[in-house]
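In case you want the letters, here they are:
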Amino acid sequence: MIKVSESASKKIVEMMHDDGFDASHDYVRVGVKSGGCSGLSYELKFDKSIGENDKVFEDNNVRIAVEKKSFLYLAGTVLEYSGGLNGKGFVFNNPNASRTCGCGESFSL
C-alpha cells in the first residue's frame, strides 16, 4: 500500500482542481523509472483512468494508481508534502530505498 499524508492530500486535491482534475474521480499516478543520480527516480502525475496492470489505493481522500512493476519498489511508501524554508515539494518516504540522492528525487535499492 502507498499512504498519503494529510499535508500531501491537501496539496494534491488543490493541484488537481487547478489542473482540471477531480480528486474524487481521478487518480494520482505514482511510478518509478530508470534515471536520476541514484539509479531510479520517482514519477508523479495526474490521470483520469487506470490500466489493467495498475494497483489502486485510496488514502486521505486521494486515489492512487501504481503500475504493478513500480509497486514492487514503492510498497510501504508514504507520500508527503513539504512546504518549509528548505524548499517546497512532494517527498517520497520509501522504506525500500537503501540510498537516496541529495535532492530526494532518486533512489536505489
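Before reading on, note that the structure itself is shown above.
The paragraphs below set out a description of the structure included in this document. (Residues numbered from 1 in each chain as written. Predicted model: local features only at pLDDT ≥ 70, side-chain atom pairs only at ≥ 80, totals over all residues. Heavy atoms only, no water.)

## Quick notes on the packing of aromatic side chains
(1) Moving on: For the structure shown, the criterion picks out four aromatic pairs.
(2) Moving on: Between Phe-57 and Phe-71, the aromatic rings sit 5.4 Å apart at their centres with planes inclined by 25°, giving stacked as the arrangement. Of this pair, Phe-57 sits in strand 4 (residues 54–59) while Phe-71 is found in helix 2 (residues 68–74), placing the two residues 14 residues apart along the sequence.
(3) Moving on: For Phe-57, a relative accessible area of 14% corresponds to the buried category.
(4) Moving on: With relative accessibility at 14%, the residue Phe-71 sits in the buried group. (Phe/Tyr/Trp six-rings, centres within 6.5 Å; stacked < 30°, edge-to-face > 60°. Helix = DSSP H or I, 4+ residues; strand = E, 2+ residues; numbered from the N terminus. Buried < 20%, exposed > 50% of the residue type's maximum accessible area, 1.4 Å probe, protein only.)

## Section: the sheet that holds strand 6 (residues 78–82)
(1) Moving on: As summarised here, the arrangement of the three strands in space is 1-6-7, forming an open sheet in which the pairing is mixed. Edge strands, defined here as strands with exactly one partner in the open sheet, are strand 1 (3–4) and strand 7 (89–93).
(2) Moving on: In this structure, strand 1 lies alongside strand 6, joined through two bridges in parallel fashion. Within the sheet, the bridge partner assigned to Lys-3 lies in strand 6 and is Val-78.
(3) Moving on: In the packing of helix 1 (residues 6–18) onto the sheet, contacts are made with strand 1, strand 6 and strand 7, and the angle to strand 6 comes to roughly 75°. (Pairing = 2+ DSSP bridges. Contact = heavy atoms within 4.5 Å. Axes fitted to C-alpha atoms, helices over the stretch in contact; angles between N-to-C directions.)

## Structural notes on the nonpolar core
(1) Moving on: Formed by 21 residues in total, the largest nonpolar core has its most connected members in Ile-12, Met-16, Val-28, Val-30, Ile-64, Val-66 and Leu-74.
(2) Moving on: Listed by contribution, the elements that provide at least two residues to this core are helix 1, strand 2 (27–34), strand 3 (40–47), strand 5 (62–67) and helix 2.
(3) Moving on: Apart from residues lying up to four places away in sequence, Met-16 is in contact with Phe-21, Asp-22, Ala-23, Asp-26, Tyr-27, Val-28 and Phe-46. (Core = buried A, V, L, I, M, F, W, Y, C linked by side-chain atoms within 4.5 Å.)

## A look at the pairing of strand 2
Looking along a regular strand, one sees side chains alternate from face to face of the sheet.
(1) Moving on: Within strand 2, six of the eight residues are buried, which leaves the element mostly enclosed by the surrounding structure.
(2) Moving on: Pairing analysis gives eight bridges linking strand 2 to strand 3, with the strands arranged antiparallel. The partner of Val-30 across the bridge, within strand 3, is Leu-44.
(3) Moving on: Of the strand pairs in this sheet, strand 2 and strand 5 are connected by two bridges, and their pairing is parallel.

## Re unusual backbone geometry
For residues besides glycine, phi is generally negative; the peptide bonds are generally trans as well.
(1) Moving on: Backbone geometry places Asn-60, a non-glycine residue, at a positive phi of 50°.
(2) Moving on: Phi is positive for Asn-61, close to 65°, though the residue is something other than glycine.
(3) Moving on: When you line up the elements, Asn-61 lands in the loop between strand 4 and strand 5.
(4) Moving on: Classification of Asn-61 as exposed rests on a relative accessible area of 59%.

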